[in-house]
Amino acid sequence: MLELRHLRTVVAIAETGSISKAGKRLNLSQPALSHQMKAIEDYLGVELFQRKSSPLRLSPAGERLLSTAYDVEKQVMQCERDVARIADGKAGQLRIAVECHSCFDWLMPSMDAFREGWPEVEMDLVSGFQPDPVGLLAEDAADLVIVSQAKPRAGVTFHPLFRYEVLALLAQKHPYTQKEYLTAKDFAKETLVTYPIPDDRIDVIREVLLPAKIEPPRRKTELTVAILQLVASHRAIAAMPGWAVQPYLDKDYVASRPIRKSGLFANLYAATTSEKASAVYMVEFLDTMRRISFSTLKRIEPVK
């Protein structure tokens, strides 16, 4: 018989496009996941994925099962919510602080989806720049913080969300578009435009430029569109998460190149107090963020 874990396997493979990435998302080895998929297909007597495609594409039967999987997952989540409410009758509050400026675009759909199922949970965004966002948890000024580094801290639990590549952004006719990738030296004579946040929170500075002792001219702005306009007009280059600027890349508004031959990658985490980490509504909001992220964002993968 089909089980809930089988449906979740189909969803994970469909959303990640590969057996290996789905395995990481489900904490299963690739052989174990492949065996599970074969068992499902043997039971149904039909292939669910086109094996020779990359990324994996669903067969018509797979599309039908995926639709059912989403419906069942939604019903199970609703059932779990209802049981939790019956068990403890608790509502709650969810004050969210965001470290990165570009996080709001994907966070808002997650909040909207969560609010539909948990209208009694009061949600709010903690505004303004926070020099120590994780510290807001101990001060009871926030319940969840989105951060890019999981530095161990007493009483704090970090929940992996996704891994992404930081790309160099260039004007379409910039000379660097002839390069396969940019190195630290390529930034030396270019104006680098960033958000107005400390350098230790900017991946390209912390991981690439500081180790090479390179300090390029700088500009700062709080608006993503302003950064992209400066790049497009040849007045600066930038380094931003690929998923955050994908719509502009799709429209050829700016060009992108990897940073370093091996690329520059970063992770995104949600931080909560260890006490609140197991709260039913907190667990579901974390699951909702991951589900919305992997179903809507490009250029992301599970945290390794």
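As the structure is a prediction and not an experimental result, all values here were calculated from the model.

For the rest of this paragraph, the subject is the packing of helix α1 (residues 4-16) against helix α2 (residues 19-26). The contact between α1 and α2 brings their axes to 8 Å, and the two run at 125°. Here α1 is positioned oblique relative to α2, judged by the angle of their axes. In terms of crossing hand, the pair formed by α1 and α2 is right-handed. Contact residues: α1 offers Arg8, Thr9, Ala12, Ile13, Glu15 and Thr16, while α2 offers Ile19, Lys21, Ala22, Arg25 and Leu26. Of the residues in the contact of α1 with α2, the class split is 5 nonpolar, 2 polar and 4 charged.

Time to look at the environment of Glu190. Mapped onto the secondary structure, Glu190 falls in the loop between β6 (156-170) and β7 (192-194). Of the residues examined, Glu190 reaches a relative accessible area of 19% and is grouped as buried. Measuring from C-alpha to C-alpha, the distance between Glu190 and Ala236 comes to 6.5 Å, with 46 residues separating the pair along the chain. Dropping the residues within four chain positions of it, Glu190 is found in contact with His174, Tyr176, Pro216, Pro217 and Ile237.

Attention shifts here to the packing of aromatic side chains. Each aromatic ring pair is characterised by the separation of its centres together with the angle its planes make. Applying the stated criterion to the full structure yields 10 aromatic pairs. Aromatic pair Tyr248 and Tyr253: ring centres 6.2 Å apart, planes at 55°, arrangement tilted. Owing to a relative accessible area of 27%, Tyr248 belongs among the partly exposed residues under this scheme. Among the aromatic residues, those joined into a cluster by ring pairs are Trp106, Phe162, Tyr164 and Trp243. One Lys or Arg, Arg163, reaches over the ring of Phe265 and ends 4.3 Å from the middle of that ring.

Thresholds, definitions, all that
Sequence positions are assigned chain by chain, starting from 1 and proceeding in written order. The model is predicted, so local features are restricted to residues of pLDDT at least 70 and side-chain atom pairs to those at 80 or more, both for listing and for counting; the totals for chains, interfaces and linings are taken over all residues. Excluded from the side-chain calculation are hydrogens and water; included are all heavy atoms of the structure. Whenever a helix is involved, its axis is fitted only over the stretch in contact; in every case the axis is a line through C-alpha atoms, and angles between N-to-C directions fall within 0 to 180 degrees. A run of DSSP states H or I qualifies as a helix once it reaches four residues; a run of E qualifies as a strand once it reaches two. Both are numbered from the N-terminal end. Angle categories: roughly parallel below 35 degrees, roughly antiparallel above 145, roughly perpendicular from 65 to 115, and oblique for all the rest. Crossing handedness: left-handed means the near helix sits turned counterclockwise from the far one by under a right angle, and right-handed means the same turn made clockwise. Contact definition: two residues touch when any of their heavy atoms are within 4.5 Å. Under the scheme applied, nonpolar residues are Ala, Val, Leu, Ile, Met, Phe, Trp, Tyr, Cys and Pro; charged residues are Asp, Glu, Lys and Arg; polar residues are all the others, including Gly. Only protein chains enter the area calculation, which uses a 1.4 Å probe; residues under 20% of their type maximum are buried, those over 50% are exposed, and those in between are partly exposed. Any pair of Phe, Tyr and Trp rings, taking the six-membered ring for Trp, is counted once the centres come within 6.5 Å. Such a pair is stacked with planes under 30 degrees apart, edge-to-face with planes over 60 apart, and tilted for the rest. The rule for a charge over a ring is simple: NZ of Lys or CZ of Arg within 6 Å of the ring centre, and within 35 degrees of the ring normal.

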